[in-house]
Amino acid sequence: MVVNSLMHIRCTESKKTLKKSIKNWFYISLLNFQIVRCTEESCLATKQALYSIEWRGSVKQRFVWLTEQQEGVLFIETNASSNLMIDGIDHPLELLIRWLEDAKVAGVDKPDAMNIATIGKEGKPRNRMVLMRHVTQNEIGFFTNLLSDKSKEITANSNVSATLWWPNMERQIRIEGAASLMDREFVEDYFKTRPRNSQIAAWASKQSQSLESMHVLDERFQEAKRRFANDDIPIPEFWGGYTISIDRIEFWLGQPYRLHERIVFTRTENGWNISRLFP
Ligand SMILES: Cc1cc2nc3c(=O)[nH]c(=O)nc-3n(C[C@H](O)[C@H](O)[C@H](O)COP(=O)(O)O)c2cc1C
């Protein structure tokens, strides 16, 4: 896709202001894009300042800024590499892992935070945030209290959907699949890696049940602390995790003028079916 467009911008603006204008114009707020001045002879000869905007991986844009006018004209060109790249991806979760890594590198706060929806009573959807603390080539997973509302809902109906969003990168992933209890051995290993106070908190919380006051929660926390004072904290039986086997996963990449890209992988008997959707 090539998009050419004009944008008026003051030549006297500093790089910082220029960055702000670009962010507003593209609806982007990328953390780490760079403006690089071109030193190619061709652009020096035409007295144009050719810059490129670059950021990690899949998005790259170029623009020309005419320096001779008070009111500069910005020429924006989006080249092919700014599109959603799925070449060489054998399995959609490879792309999920890549995007998650990109988000970590870009310094996104809680890059593994995802919203997960379950089906509640009477078929009504309910959703909340969890941390996607398990990702392999085949599945994703999260940890939680097994007596919580979400766990009861999953037991009654294993269909779930989840969304990850990295606003600074203009990327969203939507997932649909079936949740099932995570291997106990794996959960135990993970529990051991948690900070001691988080382990104690797992004992203290009757997640999703009604709580009279924060004082009661603190009492329960202190009580568990005393109980395991000189020991490693054992994993509560009611604490565990769920894996989600994915049936459908959609990658969304923000593009100029809201001409966003959507690519959907749907599981079939013979592998993955790939299709594009209008934004
Ligand atoms: C960013 C974020 C991450 C969270 N991660 C988890 C998590 O990994 N596991 C969990 O049980 N709750 C997590 N929570 C709390 C849940 O959103 C929710 O309040 C809790 O699990 C109870 O949900 P339920 O009553 O629907 O079962 C997180 C909340 C936020 C805001």
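The following refers to the structure shown. Residue positions are given per chain, counted from 1 along the sequence in the order it is written. A pLDDT threshold of at least 70 governs which residues receive local features in this predicted model, and a stricter bar of 80 or more applies before side-chain atom pairs are shown or counted, although totals over entire chains, interfaces and linings include all residues.

Here the focus is the site of the ligand. Around the ligand, 15 residues are found, and the nearest of them are Arg128, Thr144, Ser148, Lys150 and Ser208. Listing elements by their share of the shell around the ligand, those giving two or more residues are strand E7 (125-131), strand E9 (139-145) and helix H4 (149-156). The rule is simple: place the C-beta atom from the backbone, and if it lies within 6 Å of a molecule or strand, the residue is near it. What counts as a helix is a DSSP run of H or I of at least four residues, what counts as a strand is a run of E of at least two, and both are numbered from the N terminus.

Another point: the environment of Trp272. Its place among the elements puts Trp272 in strand E14 (residues 271-277). Excluding its chain neighbours within four sequence positions, the residues that come into contact with Trp272 are Pro92, Phe265, Thr266 and Arg267. We call two residues in contact whenever the C-beta atoms placed from their backbones are within 7 Å.

Defined on buried residues, the nonpolar core groups Ala, Val, Leu, Ile, Met, Phe, Trp, Tyr and Cys residues joined through C-beta atoms within 7 Å. Residues with at least 20 neighbouring C-beta atoms inside 10 Å of their own are called buried, those with 12 or fewer are called exposed, and the rest are partly exposed, where every C-beta is derived from the backbone. Ranked by size, the top nonpolar core spans 30 residues in total, and within it Val160, Ala162, Ile173, Ile175 and Ile244 carry the most contacts. For this core, the elements supplying multiple residues, two or more each, are helix H3 (92-105), strand E6 (113-119), E9, strand E10 (159-166), strand E11 (171-181), strand E12 (239-253) and strand E13 (261-268). Not counting residues within four places of it along the chain, the set of residues in contact with Ala162 comprises Met114, Asn115, Ile116, Ile175 and Ile244. Within the second largest apolar cluster, six residues are counted, among which are Ile200, Ala202, Trp203 and Trp239.

So, about the pairing of E7. Pairing between E6 and E7: seven bridges, direction antiparallel. When the sheet's bridge partners are listed, Ala117 is paired in E7 with Asn127. Between E6 and E7, which pair antiparallel in sequence order, lie five residues; one of them, Glu122, sits at a positive phi of approximately 60°. Pairing between strands is defined by DSSP: at least two bridges between the two strands are required.

As a further point, take the pairing of E10. Of the two faces of E10, only one is covered, namely that formed by Val160, Ala162, Leu164 and Trp166; the face formed by Asn159, Ser161, Thr163 and Trp165 stays uncovered. Examined bridge by bridge, E10 and E11 share eight bridges and lie antiparallel to one another. When the bridges of E11 are listed, Ala162 appears paired with Ile175. Between E10 and E11, which pair antiparallel one after the other, the connecting turn spans four residues, and Glu170 there sits at a positive phi close to 55°.

A few words now on unusual backbone geometry. In this model, Lys110 sits at a positive phi of 45°, which is unusual for a non-glycine residue. Among the secondary structure elements, Lys110 is positioned in the loop between H3 and E6. The class of Lys110 is exposed, set by 10 C-beta atoms lying within 10 Å. Unlike most non-glycine residues, Glu122 shows phi in positive territory, near 60°. A residue is classified by how many C-beta atoms lie within 10 Å of it, and Glu122, with 5 of them, is exposed.

Treat this as a map of the structure, not an account of what it does.
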